[in-house]
Amino acid sequence: DTAVSQTPKYLVTQMGNDKSIKCEQNLGHDTMYWYKQDSKKFLKIMFSYNNKELIINETVPNRFSPKSPDKAHLNLHINSLELGDSAVYFCASSQGPGQGQETQYFGPGTRLLVL
Amino acid sequence: GDSVTQMEGPVTLSEEAFLTINCTYTATGYPSLFWYVQYPGEGLQLLLKATKADDKGSNKGFEATYRKETTSFHLEKGSVQVSDSAVYFCALGPIGGGADGLTFGKGTHLIIQP
């Protein structure tokens with residue numbers, strides 16, 4: 001019954017490694033997002049996809065690459081992990097773009113720790 | 001650009017106290033407004049929303065009214081419980097409902113003591 005799910009929930013890894021976080025939504029939504037929450041709880045949009053097409057990419061390093069194999073999935077791949085990448089990453093989805101369709105539903109988050 | 005300002009806290013109250021968490025925004029246009037809540041170790045849950053001026057969103061005893069004249073969306077609850085302890089985020093949606101992300105405030109950590 002989980003609406004937006006992410007795996008893994010926790011990820012501990014070494015600097016320089018490559019890792020992926022997966023996100024799936026079963027709400028039938030057209031738009032999906034990735035957010036980063038830093039250690040002070042501040043949330044910032046990273047990417048948004050609409051129907052598998054990249055809509056926004058907010059000043060995120062090239063080491064971060066989102067991939068959307070279908071409308072229900074948006075994965076985040078991170079190359080050459082750095083200490084500053086340690087954060088909680090949230091996936092979200094909304095019904096679409098369009099007035100009244102922009103309410104976003106969030107996954108449980110992936111807590112990434114880079115050592 | 002668009003921005004949201006909210007009191008950062010922590011805000012500490014006793015059980016059954018009245019709660020107000022202030023939120024003001026800057027936006028070109030009239031975005032939808034949201035309150036999200038994050039319980040310890042969990043993701044964000046939508047608490048309530050309002051899509052146009054003078055709309056009141058309400059849920060679980062919480063309410064907030066979209067005030068265009070003061071560009072505010074303050075969160076209130078008449079009698080808080082220990083279980084309301086969490087971080088509360090005010091957010092504004094993309095103008096015209098586009099596929100841009102939400103713009104969040106920095107969050108207000110609320111602590112309710114028995």
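Because the structure is a prediction, the values reported are computed rather than measured. (Residues numbered from 1 in each chain as written. Chains lettered and ligands numbered in written order. Predicted model: local features only at pLDDT ≥ 70, side-chain atom pairs only at ≥ 80, totals over all residues. Heavy atoms only, no water.)

Draft legend 1. Just the pattern of salt bridges, in detail. Residues and elements named next belong to chain A. Taken as a whole, this structure holds 6 salt bridges over all chains when the rule is applied. With a closest N to O distance of 2.9 Å, Lys71 and Asp30 form a salt bridge. Taken together, the positions of Lys71 in the loop between strand 7 (64-70) and strand 8 (73-78) and Asp30 in the loop between strand 3 (19-25) and strand 4 (31-37) put the pair 41 residues apart, joining distant regions of the chain. With a relative accessible area of 24%, Asp30 lands in the partly exposed category. (Salt bridge = Lys/Arg side-chain N within 4 Å of Asp/Glu carboxyl O. Helix = DSSP H or I, 4+ residues; strand = E, 2+ residues; numbered from the N terminus. Buried < 20%, exposed > 50% of the residue type's maximum accessible area, 1.4 Å probe, protein only.)

Draft legend 2. A look at the state of the cysteines. Taken as a whole and judged by the stated rule, the model has 2 disulfides over all chains. Disulfide partner of Cys23(A): Cys91(A), at an S-S distance of 1.8 Å. Residues Cys23(A) and Cys91(A) share a disulfide whose torsion about the S-S bond is about -75°; that sign makes it left-handed. Residue Cys23(A) is located in strand 3, and its partner Cys91(A) is located in strand 9 (residues 87-94); the two are separated by 68 residues in the primary sequence. You can call Cys23(A) buried: its relative accessible area is 1%. Two residues share a disulfide in this structure: Cys23(B) and Cys90(B), whose sulfurs sit 1.9 Å from each other. Between Cys23(B) and Cys90(B), the disulfide has an S-S torsion of -65° and is therefore left-handed. Here Cys90(B) lies in strand 10 (residues 86-92) and Cys23(B) lies in strand 4 (residues 23-26), a separation of 67 residues in the sequence. (Disulfide = S-S within 2.5 Å.)

Draft legend 3. Up close: the pairing of strand 2 (residues 10-13) of chain A. All names here are of chain A. Side chains of strand 2 alternate between two faces, with Leu11 and Thr13 buried and Tyr10 and Val12 left unburied. In terms of strand pairing, strand 2 meets strand 11 (residues 110-114) through 4 bridges, oriented parallel. Bridging across to strand 11, Val12 finds its partner in Leu113. (Pairing = 2+ DSSP bridges.)

Read these as spatial facts, not as claims about activity.
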